[in-house]
Protein chains: 4
Amino acid sequence: MAFDFSMSPAVEQQRRRVEEFVAAEVVPLEQKVFTEGMTDALRVELQAKAKAAGVFAPQAPKEFGGGGFRFDESAVLLEEAGYSLLGPLALNCAAPDEGNIHLLHVTGSAMQKEKYLEPLVAGEVRSCFSMTEPPPGAGSDPSALRTRARRTDGGWLINGDKWLITGADGAAFSIVMALNEGDDVPQGATMFLVDADNPGFVVGEHLNTIDATGVGGHCRVSLRDCFVPDDHVLGEVGKGFQSAQVRLAPARLTHCMRWLGAARRAHDIAVERAVGRELFGSTLSDLGMAQALIAENEIDLDAARSMIWHASWAIAEGQRSSEQSSRTKVFASEAACRVVDRSVQLAGGMGTSEELVLGRIYRDIRSFRIYDGATEVHKMSIAKRAARRAAERTADREARA
Amino acid sequence: MAFDFSMSPAVEQQRRRVEEFVAAEVVPLEQKVFTEGMTDALRVELQAKAKAAGVFAPQAPKEFGGGGFRFDESAVLLEEAGYSLLGPLALNCAAPDEGNIHLLHVTGSAMQKEKYLEPLVAGEVRSCFSMTEPPPGAGSDPSALRTRARRTDGGWLINGDKWLITGADGAAFSIVMALNEGDDVPQGATMFLVDADNPGFVVGEHLNTIDATGVGGHCRVSLRDCFVPDDHVLGEVGKGFQSAQVRLAPARLTHCMRWLGAARRAHDIAVERAVGRELFGSTLSDLGMAQALIAENEIDLDAARSMIWHASWAIAEGQRSSEQSSRTKVFASEAACRVVDRSVQLAGGMGTSEELVLGRIYRDIRSFRIYDGATEVHKMSIAKRAARRAAERTADREARA
Amino acid sequence: MAFDFSMSPAVEQQRRRVEEFVAAEVVPLEQKVFTEGMTDALRVELQAKAKAAGVFAPQAPKEFGGGGFRFDESAVLLEEAGYSLLGPLALNCAAPDEGNIHLLHVTGSAMQKEKYLEPLVAGEVRSCFSMTEPPPGAGSDPSALRTRARRTDGGWLINGDKWLITGADGAAFSIVMALNEGDDVPQGATMFLVDADNPGFVVGEHLNTIDATGVGGHCRVSLRDCFVPDDHVLGEVGKGFQSAQVRLAPARLTHCMRWLGAARRAHDIAVERAVGRELFGSTLSDLGMAQALIAENEIDLDAARSMIWHASWAIAEGQRSSEQSSRTKVFASEAACRVVDRSVQLAGGMGTSEELVLGRIYRDIRSFRIYDGATEVHKMSIAKRAARRAAERTADREARA
Amino acid sequence: MAFDFSMSPAVEQQRRRVEEFVAAEVVPLEQKVFTEGMTDALRVELQAKAKAAGVFAPQAPKEFGGGGFRFDESAVLLEEAGYSLLGPLALNCAAPDEGNIHLLHVTGSAMQKEKYLEPLVAGEVRSCFSMTEPPPGAGSDPSALRTRARRTDGGWLINGDKWLITGADGAAFSIVMALNEGDDVPQGATMFLVDADNPGFVVGEHLNTIDATGVGGHCRVSLRDCFVPDDHVLGEVGKGFQSAQVRLAPARLTHCMRWLGAARRAHDIAVERAVGRELFGSTLSDLGMAQALIAENEIDLDAARSMIWHASWAIAEGQRSSEQSSRTKVFASEAACRVVDRSVQLAGGMGTSEELVLGRIYRDIRSFRIYDGATEVHKMSIAKRAARRAAERTADREARA
């Protein structure tokens, strides 16, 4: 057999469980959350239900209470969770916690796993990832990092400003990225585990952004002589960028999985509405203009899913997959946004409303094309590697000639 | 001389006045409105300043207090007003009042002009246009109108439901579209002027939509045995669809003018930010990926403007221009949305924030591709006319042969 | 394991063989064929070399002399063959013979397999598939079939006109699709095996089309009282459309495989040229505008390949896959054309030339978006099925409520 | 009056003359030329007819025998000429002669006008413009010019290689661009008038390109110690790039005008066919999928025409318009190619054929997105200027603050 795209019965059964849980427990809460906002109390309630339904934290390691599914199996489950904007939070597979769980699992010490990973997998606490900085600091170009960590007695003093830190407000701790400062320490960046009650770690205002559904906002965070003891260094001193790579490719792909589910939801809503809508003496879904929108959505969803499965399989097999996950992230984010946009268009005036959910998905999905590497940044890196390969081919040919 | 694209000195001078007014008086209020919402008090204050600056209601007839500019001259001025999302309201050239002013001016009786048009041009009151209905009523297909007007003594009784009625909350009156009912009345639809304090006219909930900046919401409106006296019929009984045509093509184009300004604003913000942003050892605006976004914006803005000027000139010359305004509306709405989307992308994480205004323009502009004829509906009508012309050419050729 | 995208060592080894054969034996002949045209003598020579290299007819059944690879394995091998425009012919996996081989294998009688399939797999003869008719006959809408088959003693008399019949000139036989005529025969269409020397089967002029590389042209074919004996009916009488389905989905996908290879070739040529080209003080491949073209190609190739693998696996597993192959055909054909177009653009003036091969690929690939179901026709069918599913979901929900 | 898009009666009358001439005299010759190729004899015959019809050389100066129309008037007439691929040649307003006429008129000496311009306007001879060089010479980046001109007694000796020189085979003379060499001459490039019978000027092979209809091919040209006397310098020594600017912006726009006509022709053919074609129980032009293609064509044609008129007016008014003509060239070339592509698609299998003309237009138009500045090169220059303006706005604001 050349390939195998079949889903094992166990994964298919779990997928159905997630599907049913989302339909029965999550979707009914959407309008309440859209008008009143998401709270931590509601999150806890939803997560308790997800645990009871046996669908909690499918991607997290089994030893820490997660479902222990392979990364390519998770592709199927996280798409299903993403079918509601609240689903990933309910299943504790939402950003940024899901990525932090992966990072802590791979790079954390025993103490760190006990103190941070366990309660995080269990949903007892939330976390954030403090990387992005206001200009001229680290945005699309991580090497522009300005936050500094200086050696001090028994630990480090961190100073700097972060912003657009998703979920910071209410997080129990943050993973903080800073550049080492001083001659006596290894060059490079380091990751630190910083408790939210650290007096040197201050969460500031929420930025007023296009999206609206997450918990804990997109916040400014300031670090002022923030002391972090040595055993709260995550991974190795000076290897912060390498550790970030551990988080990066999988986190990109879990975004793709979840947003694929949201895009499918938008499409389903729009098509269900179109089959019940009379227009110009026809059913809306029978008009060629509408058929074009519907078919293009179907194709985009299929293409994105095929790429996500392919790239997730590579990750699950232990391949580095940085280039493949870049291609997948660009395609899936652009495709998912196209699908949502067409769905809004297909639903007409009502499509712009949050009553029909479409308006909210439209708002929430926009930044997916920017975070975890904007489309254009990935394209630069994809092109550079393609050029390198082309140069190698040319050199090979010339060597043989 | 074949064509003339030059702007007369008077129009250019007025354009500069609008530009300066928007920069000095309107832009500084944006963040306050974005966080606290637009109020009628603020609208009145802004409009008083616009009057003082000599830039108020440029498109409205002079005899009623407007600027009296030709429609193609207004293209230049309304683009400038649209440079801030609050500009059109400040200049009283925003939808739906601007379209209602035009409709009242063309079709209103002397009494109606005195009672409704004068205070509307002066900004003493706001109005709304009650046309769109919830499914299965009149949306993209106006012929599906379900609201009914029945003859009664000295007037009409209107019954029906509307929704997505922009600006209804707080409007002093509404133009209401209803289908005549009964054998004793002309077939067809009729337009009525309905006072907001009419007990049969009830404004309901605001729909929770993607956009956020207007006054008066997008509301449900219910008409329950709403009595309207005969002299409040706007235009002729049974000619409601014809009257709607009076409003339609120009209103489409003024949307294009205003949103062209907003798109240019988004582009300017993004490019100004890009020239001051260092990334990957270069200025952001020097990176080819960014240059592509910038250049595509410049081209879209130029193309949209050229079409808007062309179509506005045709309207100013008294041409019916229905097909040309359709083509222009499709192109300008799609192009303006592309420009705003690229500007958000160019500005990166910050582009999704309302602090930088881009996030808000992104939200507000989305429905432009749907209202006043969704892109797909215009395309159907454009294609039908093109097919008719092709059939005529074929018939001509065969007749000659 | 959830999925498996790994290639078996045997397939990977065979892929390399094809790669080496194409590079060593096929590519060097391209310019000669582009200027002088493809001949049957050259085809025979190339196919002999392919046999010697052990790469001949990978997709054809082993018992008839083919490689016997599974359909999803063939995806990998036919992509490699398509790397040269002459590759599929050299490997005898080009249209229309490849599709006819599959059809004969599935539906042919023992006699038909001996007389037609064996020499066809061996490359001793070529064939064609006579389905498409000039307007108002069967084009995108096969049900418009006008060619008629009437019962006669011991067989059928076929009358009708076909056009755009690829490879007809020089084919040893044709599979001809005709509608049954008369009350005494089953309703529906029937497929017939017609020898080229049948006096009732006349191949007419070659149409002058955009593409240029095939053998045997795109021809008009006329059938005039063309007698076909009963044992030359292919499949069942009256089941011609069902038989066509046997050919359809796989044939669509083999087109995708081959053209994916051609698109990859175009991309490789353009990028290799870009890494060696200085422009504006930089290497062309380092300019952001060029990087965008390169990265978009990489993404399109990856997405198309992921879909093709997915759909080919479904076919190999015996799934009907009609909808999936439709989605894949639309995406892969549009994507491959985009890749070739960008490659031409990247190579500049030289990209329009056949010296660099790009100009010829650009010409040859255009009709891929039209044949085997134009993009728009597939979209209609995709949308209809999506609408049907949405209606079923709604009905289910209502049934449960 | 703000704008004026009306066409003067004289221009409208001339437009009709061109329309009728193309329909009556040019279109009937198309199939002959498509199969047998264009010859100089046929060109002369067509041009004689155009003279007789009073439509010859509309854009050329009156004093030299042209129509003397303003540049924006010519926009209307050249679009009409472009309605047939043979029209511009018939009217002697095709590239490269049309651009050379303009350049000679603006920069030529009295002798040069008599010897070169007069017979060129009259169609007695053809010419070419030798600028583009094979890599690593001048392509998209003119500053990479490698051809050298060295002072010699009474003139210059030119050495270098050119390629893709359109119309070189059979041209009576060429304008040749070369870089000055030596210390005793002004730095920079110079333009030379070189007779085709100059022994140092050798026209080589025709490149085998996607397009097919022009006269004189796209040739390699080699200059080997090619002596050109001083009075054959066109414009000033060392000011060759400035002179090229004279030709550049107008030549870009005349390409846009002609190709707009060709795109309109493709659209007309496709829509005329669609109104007469039954498919799936409907007329093709009534299917929504077809309507989308038709409407998008109508919109692209309108947008391109509006931009072309706008930019041509600016040129006619003596504005430099380099940026505006760049925007217009990018949009018009991309739009025209989209229109032709959609027309091919709409016409289905027959759309790929030259019988229906569409296949030939598809081939001929492709390089328009590359020559006279590839899309990407123009975008770079457009973005740079936009960035410069943004930087100036920022500086202004800071200066005022």
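Computed from a prediction, not measured in an experiment: that's the story for all the values here.

A.B. asks: I'm lost on helix 7 (residues 110-122) of chain A in this one. Help?
C.D. replies: Working note: α-helix, 3.6 residues per turn, so residues spaced by three or four point in the same direction. All names here are of chain A. Across its 13 residues, helix 7 extends 17 Å between first and last C-alpha, which sits within 8% of the 18 Å expected from 1.5 Å per residue. Where helix 7 bends most, at Tyr116, the angle is about 30 degrees, and the proline Pro119 comes one to four residues later. Along helix 7, the residues that are buried comprise Tyr116, Leu117, Leu120 and Val121. Lining the buried residues of helix 7 we find helix 6 (97-107), strand 1 (127-130), strand 4 (173-181) and strand 5 (189-195). Of the residues flanking the end of helix 7, it is Gly123, one or two places downstream, whose phi is positive at about 80 degrees.

A.B. asks: What is the right way to read the interface of chain C and chain A from this model?
C.D. replies: Much of the literature gives interface size as the accessible area that the parts lose upon coming together. Contacts between chain C and chain A engage 43 residues on the former and 43 residues on the latter. Among the elements of the structure, helix 4 (71-81), helix 8 (240-275), helix 9 (288-316), helix 10 (322-347) and helix 12 (375-400) of chain C are those that each provide at least two residues to the side of chain C that touches chain A. Among the elements that line the side of chain C that touches chain A, the one with the most residues is helix 9 of chain C, at 13 residues. Among the residues making up the side of chain C that touches chain A, the classes are represented as 25 nonpolar, seven polar and 11 charged.

A.B. asks: Explain the domain arrangement of chain A here, please?
C.D. replies: Residues and elements named next belong to chain A. According to the domain assignment, chain A consists of domain 1 (9-122), domain 2 (127-241) and domain 3 (245-397). Taking only C-alpha atoms, the centre of domain 1 and the centre of domain 3 are 21 Å apart. Domain 1 puts 24 residues into the contact, and the matching count from domain 3 is 25 residues. Ranked by residues supplied to the side of domain 1 that touches domain 3, first place goes to helix 4 (residues 71-81) with eight residues. Broken down by class, the residue content of the side of domain 1 that touches domain 3 amounts to 12 nonpolar, six polar and six charged.

A.B. asks: So what exactly am I meant to see when it comes to the relation of the copies chain C and chain A here?
C.D. replies: What connects the two chain copies is a rotation about an axis and a shift along it. For the pair chain C and chain A, the relating rotation is 180 degrees, the translation along its axis is 0.0 Å, and the fit reaches an RMSD of 0.0 Å. This pairing of chains is accounted for by a two-fold axis. Closest to the rotation axis within chain C is the C-alpha of Asp4 of chain C, separated from it by 2.3 Å. Both copies share a contact surface, since 100% of the interface residues of chain C are interface residues in chain A too.

A.B. asks: Help me understand unusual backbone geometry, please; the structure alone is not making it clear to me.
C.D. replies: For residues other than glycine, phi is negative in most cases, and the peptide bonds are mostly trans. A cis amide bond, omega 5 degrees, links Pro135 of chain B with the succeeding residue Pro136 of chain B. Note the cis peptide between Ala95 of chain D and Pro96 of chain D, where omega equals 0 degrees. Within the element layout of this structure, Pro96 of chain D appears in the loop between helix 5 (87-90) and helix 6 (97-107). Even without being glycine, Asp372 of chain B reaches a positive phi, approximately 55 degrees. Mapped onto the secondary structure, Asp372 of chain B falls in the loop between helix 11 (358-365) and helix 12 (375-400). Although it is not a glycine, Asp225 of chain D sits at a positive phi angle of roughly 45 degrees. Note that Asp225 of chain D resides in strand 7 (residues 218-229).

A.B. asks: Got a minute to help me understand the UniProt feature "domain: Acyl-CoA dehydrogenase/oxidase N-terminal" (unreviewed entry) in chain A in this structure?
C.D. replies: In the numbering adopted here, UniProt assigns the feature "domain: Acyl-CoA dehydrogenase/oxidase N-terminal" (unreviewed entry) to residues 12-124 of chain A. Note that residues 12-124 of chain A is 65% helix and 0% strand, and that its end C-alpha atoms are spaced 29 Å apart.

A.B. asks: Looking at this structure, how should I read the interface of chain D and chain A?
C.D. replies: Listed as interface residues are five residues of chain D and, on the opposing side, five residues of chain A. Per-class residue counts for the side of chain D that touches chain A are three nonpolar, two polar and no charged.

A.B. asks: Help me understand the packing of helix 6 of chain D against helix 8 (residues 240-275) of chain D, please; the structure alone is not making it clear to me.
C.D. replies: When two helices pack together, their arrangement is given by the angle between the helix axes and the distance between those axes. All names here are of chain D. Across the interface, helix 6 lies against helix 8 with an axial gap of 9 Å and an inter-helix angle of 140 degrees. For the crossing formed where helix 6 meets helix 8, the hand is right-handed. Residues Glu98, Gly99, His102, Leu103, Val106 and Thr107 of helix 6 lie in contact with helix 8, whose contacting residues are Ser243, Val246, Arg247, Pro250, Ala251 and Thr254. Counted by class, the contact of helix 6 with helix 8 contains five nonpolar, five polar and two charged residues.

A.B. asks: Please explain the UniProt feature "domain: Acyl-CoA dehydrogenase/oxidase C-terminal" (unreviewed entry) in chain A as it appears in this structure.
C.D. replies: Summarizing the sequence annotation, UniProt attributes the feature "domain: Acyl-CoA dehydrogenase/oxidase C-terminal" (unreviewed entry) to residues 238-386 of chain A in the numbering used throughout. Helix makes up 74% of residues 238-386 of chain A and strand makes up 3%, while its end C-alpha atoms are separated by 30 Å.

A.B. asks: Got a minute to help me understand the environment of Val125 of chain C in this structure?
C.D. replies: All names here are of chain C. Mapped onto the fold, Val125 is located in the loop between helix 7 (110-121) and strand 1 (127-130). Exposure remark for Val125: the 16 C-beta atoms within 10 Å place this residue in the partly exposed category. The spatial distance from the C-alpha of Val125 to the C-alpha of Phe173 is 8.4 Å, given a sequence separation of 48 residues. Setting aside residues no more than four positions away along its own chain, Val125 makes contact with Pro119, Leu120 and Ala172.

A.B. asks: Please explain helix 11 of chain B as it appears in this structure.
C.D. replies: Burial of helix 11 of chain B is extensive: seven of the eight residues sit out of reach of the surface. On its buried face, helix 11 of chain B sits against helix 11 (358-365) of chain A together with helix 2 (30-36), helix 8 (240-275) and helix 10 (322-347) of chain B.

A.B. asks: How should the relation of the copies chain D and chain A be read in this particular structure?
C.D. replies: Of the two same-sequence chains, chain D is brought onto chain A (RMSD 0.0 Å, axial shift 0.0 Å) by a rotation of 180 degrees. The share of interface residues of chain D whose copies in chain A are also at the interface is 100%, consistent with both copies meeting through the same surface.

A.B. asks: Explain the environment of Ile294 of chain C here, please?
C.D. replies: Mapped onto the elements of the fold, Ile294 of chain C is located in helix 9. Taking the number of C-beta atoms within 10 Å as the measure of exposure, Ile294 of chain C has 28 and is therefore buried. The spatial distance from the C-alpha of Ile294 of chain C to the C-alpha of Gly318 of chain C is 36 Å, given a sequence separation of 24 residues. Discounting residues that sit within four places of it in the chain, Ile294 of chain C has contacts with Ala383, Ala386 and Ala387 of chain A together with Val271 and Ser285 of chain C.

A.B. asks: Please clarify how the environment of Gly108 of chain D should be interpreted in this entry.
C.D. replies: All names here are of chain D. Within the fold, Gly108 resides in the loop between helix 6 and helix 7 (110-121). Residues Gly108 and Lys384 lie 276 residues apart in sequence; the distance between their C-alpha atoms is 33 Å. Those residues in contact with Gly108 that lie beyond four places of it in its chain are Lys113, Tyr116, Leu117 and Leu234.

The rules behind the values
Residues numbered from 1 in each chain as written. Chains lettered and ligands numbered in written order. Predicted model: local features only at pLDDT ≥ 70, side-chain atom pairs only at ≥ 80, totals over all residues. Helix = DSSP H or I, 4+ residues; strand = E, 2+ residues; numbered from the N terminus. Expected span 1.5 Å × (residues − 1). Bend = angle between axes of the 7 residues up to and from the residue. Buried ≥ 20, exposed ≤ 12 C-beta atoms within 10 Å, placed from the backbone. Contact = placed C-beta atoms within 7 Å. Nonpolar A, V, L, I, M, F, W, Y, C, P; charged D, E, K, R; others polar. Domains from an automatic or database assignment. Least-squares fit on C-alpha atoms with pLDDT ≥ 70 in both. UniProt positions renumbered as here; feature names shortened; annotations may be inferred. Axes fitted to C-alpha atoms, helices over the stretch in contact; angles between N-to-C directions. Left-handed = near helix turned anticlockwise from the far one by under 90°.

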